[in-house]
Amino acid sequence: MLCTTSNLVDCLKEWEDLEKDYQQVQETHRQYKQKLEEVYKLQDSCSQAIARQKKKLKELKVSLKECKDKLSPDEINAIDEIKESIKDRPNVFFEMEAFLPKKNGLYLSLVLGNVNVTLLNKQSKFAYKDEYEKFKLILTVILFLFSFTCCFLFSYRVLDALFNFLLVWYYCTLTIRESILISNGSRIKGWWVFHHYVSTFLSGVMLTWPEGILYQMFRNQFLTYCMYQSFVQFLQYYYQSGCLYRLRSLGERHNMDVTVEGFQSWMWRGLTFLLPFLFFGHFWQLYNSIILFRIAQLPECKEWQVVMCGCSYLVLFLGNFLTTLAVVYQKYMNNQDKSKTL
């Protein structure tokens, strides 16, 4: 096709427009890199200032403890005011550090290396948190359907292996995502993170348990337990997410708080009906442990997986049961103290 004069003129005009736009893109990118350098410098400056503040506040607290004798009432009041102000600083620093890059913990360093996982704006943090919640919900439903299929429809070791592999991947992914959420200001308590590591180990051991009489003795109990666990996790997600939304609207919970597979103090109002389901699941873990230890005592038991699974279920029971019991007891004592003051 021959190039006409009018087409050439149009092409040249379009090229001129593209050249102008290209120059603008270069200038915008230059400004972007410049602002980025400024942000990095501000991040370093802010991190150093917070570290300096923490160090000096620690030294000040020690000095104030030494200034107890021979003080006038006004001086004592001034010291009390300073101590009250110091108490609020850690929460303020925690909020600040949620938007500053920090060194990854041991687990994230092993998995991701020295990659900065801090999200720099609230929208990105909320989006990641919501995606984490949706991920848990979708996988909970999939795991329930998968365990139901393995338990009642098909009895194949290959399907069981796929199910256990899915559990390993799910819990591994949860631990990584939770570590990233913690780096971005989410206050996920210790045990509710650690029990996912135990669950990952347990699922990995179940994956390697070879087919045999002993495996078949525990198989249906394990799959039924998985179905119940998925059902309870779905209940927790459904009711906890609604409760968290309400409490965040009232300013009583942190914006980065997430649903957990257990019971925390903020669930006391409106979610106590979940406690029987949770305690039943905890004692089911103990029952699994007892059954596995009994299987391990059989003369024909040669598989190391039996004892390892029994120990894992025992650790899960003790951690879940004692943590939930501690939360209930603490909340009960707090209510008792409130009733005495009224």
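Residues numbered from 1 in each chain as written. Predicted model: local features only at pLDDT ≥ 70, side-chain atom pairs only at ≥ 80, totals over all residues. Heavy atoms only, no water.

**Here's the deal with the overall build of the protein chain**
- When its secondary structure is counted, the protein chain shows 9 helices and 0 strands.
- Starting at the N terminus and ending at the C terminus, the protein chain contains elements arranged as α-α-α-α-α-α-α-α-α.
- Put simply, the protein chain has 342 residues, and 36% of those count as buried.
- Put simply, of all contacts in the protein chain between residues at least 6 apart along the chain, 74% involve residues at least 24 apart.
- Roughly 21200 Å² of accessible area belongs to the protein chain as shown, and the carbon and sulfur atoms make up 64% of that amount. (Helix = DSSP H or I, 4+ residues; strand = E, 2+ residues; numbered from the N terminus. Buried < 20%, exposed > 50% of the residue type's maximum accessible area, 1.4 Å probe, protein only. Contact = heavy atoms within 4.5 Å. Areas by Shrake-Rupley, 256 points an atom, 1.4 Å probe, with all protein chains shown as cover.)

**Observations regarding a positive patch on the surface**
- Residues Lys58, Lys61, Lys65 and Lys83 make up a contiguous surface patch of positive charge.
- Top contributing element to the positive patch by residue count: helix 1 (residues 5-66), with 3 residues.
- Following the sequence through the fold, Lys58 ends up in helix 1.
- Using a relative accessible area of 63% as the deciding quantity, one classes Lys58 as exposed. (Patch = residues over 30% accessible without salt bridge, like charges linked within 9 Å, V, L, I, M, F, W, Y side chains within 5 Å. Salt bridge = Lys/Arg side-chain N within 4 Å of Asp/Glu carboxyl O. Lys, Arg positive; Asp, Glu negative; His and termini not counted. Charge placed at Lys NZ, Arg CZ, Asp CG, Glu CD.)

**Let's talk about the pattern of salt bridges**
- Taken as a whole and judged by the stated rule, the model has 5 salt bridges.
- Taking the shortest distance from any N to any O, the salt bridge between Asp130 and Lys129 comes out at 3.5 Å.
- Among the ionic pairs, Arg219 bridges to Asp160, the shortest N-O distance being 2.5 Å. Highlighted residues: Arg219 in helix 7 (residues 213-249) and Asp160 in helix 5 (residues 157-183), separated in sequence by 59 residues. We note that Arg219, like Asp160, is buried.

**Details of the packing of helix 5 against helix 6 (residues 190-208)**
- Interaxial distance between helix 5 and helix 6 falls to 9 Å at its minimum, and their mutual angle equals 160°. It follows that helix 5 is roughly antiparallel to helix 6 by the angle criterion. Here the hand of the crossing between helix 5 and helix 6 comes out left-handed.
- Partitioned by chemical class, the residues of the contact of helix 5 with helix 6 number 13 nonpolar, 8 polar and 2 charged. (Axes fitted to C-alpha atoms, helices over the stretch in contact; angles between N-to-C directions. Parallel < 35°, antiparallel > 145°, perpendicular 65-115°, else oblique. Left-handed = near helix turned anticlockwise from the far one by under 90°. Nonpolar A, V, L, I, M, F, W, Y, C, P; charged D, E, K, R; others polar.)

**Re empty space enclosed by the protein**
- What the rule picks out here adds up to 6 cavities of 30 Å³ or more.
- Roughly 90 Å³ of volume is contained in the second largest cavity.
- Around the second largest cavity sit Leu167, Tyr171, Ser199, Leu202, Ser203, Phe222, Tyr225, Cys226, Gln229, Tyr313 and Leu316, which together line it.
- Of all the secondary-structure elements, those providing two or more residues to the lining of the second largest cavity are helix 5, helix 6, helix 7 and helix 9 (305-341). (1 Å grid on protein atoms, 1.4 Å probe; cavity = no way out; pocket = protein on both sides within 12 Å on 5 of 7 lines; lining within 4 Å. Points joined across faces, edges and corners; volume = space filled by probe spheres on them.)

**As for the environment of Ile79**
- Within the secondary structure, Ile79 sits in helix 2 (residues 73-97).
- Residues Ile79 and Lys61, 18 residues apart in the sequence, show an inter-C-alpha distance of 9.9 Å.

**Thoughts on the nonpolar core**
- Residues Phe163, Met206, Trp209, Phe218, Phe222 and Tyr313 are the most contacted members of the largest nonpolar core, which totals 45 residues.
- With residues near it in sequence (within four places) discarded, Phe218 still touches Met206, Trp209, Asn288, Ile291, Leu292, Ile295 and Tyr313.
- Counting 7 residues, the second-largest nonpolar core is a separate cluster that includes Ile50, Leu64, Ile86 and Leu100. (Core = buried A, V, L, I, M, F, W, Y, C linked by side-chain atoms within 4.5 Å.)

**Overview of the side chain of Gln285**
- Relative to the helices and strands, Gln285 is located in helix 8 (residues 275-296).
- You can call Gln285 buried: its relative accessible area is 6%.
- Here the side chain of Gln285 touches Tyr225 through a polar contact of 2.9 Å, side chain to side chain.
- Other than its neighbours up to four places away in sequence, Gln285 contacts Tyr225, Tyr313, Leu316, Phe317 and Asn320. (Polar contact = N/O pair within 3.5 Å; in protein donor to acceptor, adjacent residues only side chain to side chain.)

**A look at the packing of aromatic side chains**
- In total, this model carries 23 aromatic pairs according to the counting rule given.
- In this structure an aromatic cluster arises from ring pairing among Phe146, Phe163, Trp209, Tyr215, Phe218, Phe222, Tyr225, Tyr228, Phe280, Trp284 and Tyr313.
- Directly above the ring of Tyr215 sits Arg157, whose terminal nitrogen or CZ lies 4.3 Å from the centroid. (Phe/Tyr/Trp six-rings, centres within 6.5 Å; stacked < 30°, edge-to-face > 60°. Lys NZ or Arg CZ within 6 Å of the ring centre and 35° of its normal.)

**Things to note about the packing of helix 4 (residues 122-153) against helix 5**
- Packing of helix 4 against helix 5 leaves a shortest axis separation of 11 Å and a crossing angle of 165°. The orientation of helix 4 with respect to helix 5, classified from their angle, is roughly antiparallel. When the axes of helix 4 and helix 5 are compared, the crossing they make is left-handed.
- A class-by-class count of the residues in the contact of helix 4 with helix 5 yields 18 nonpolar, 3 polar and 6 charged.

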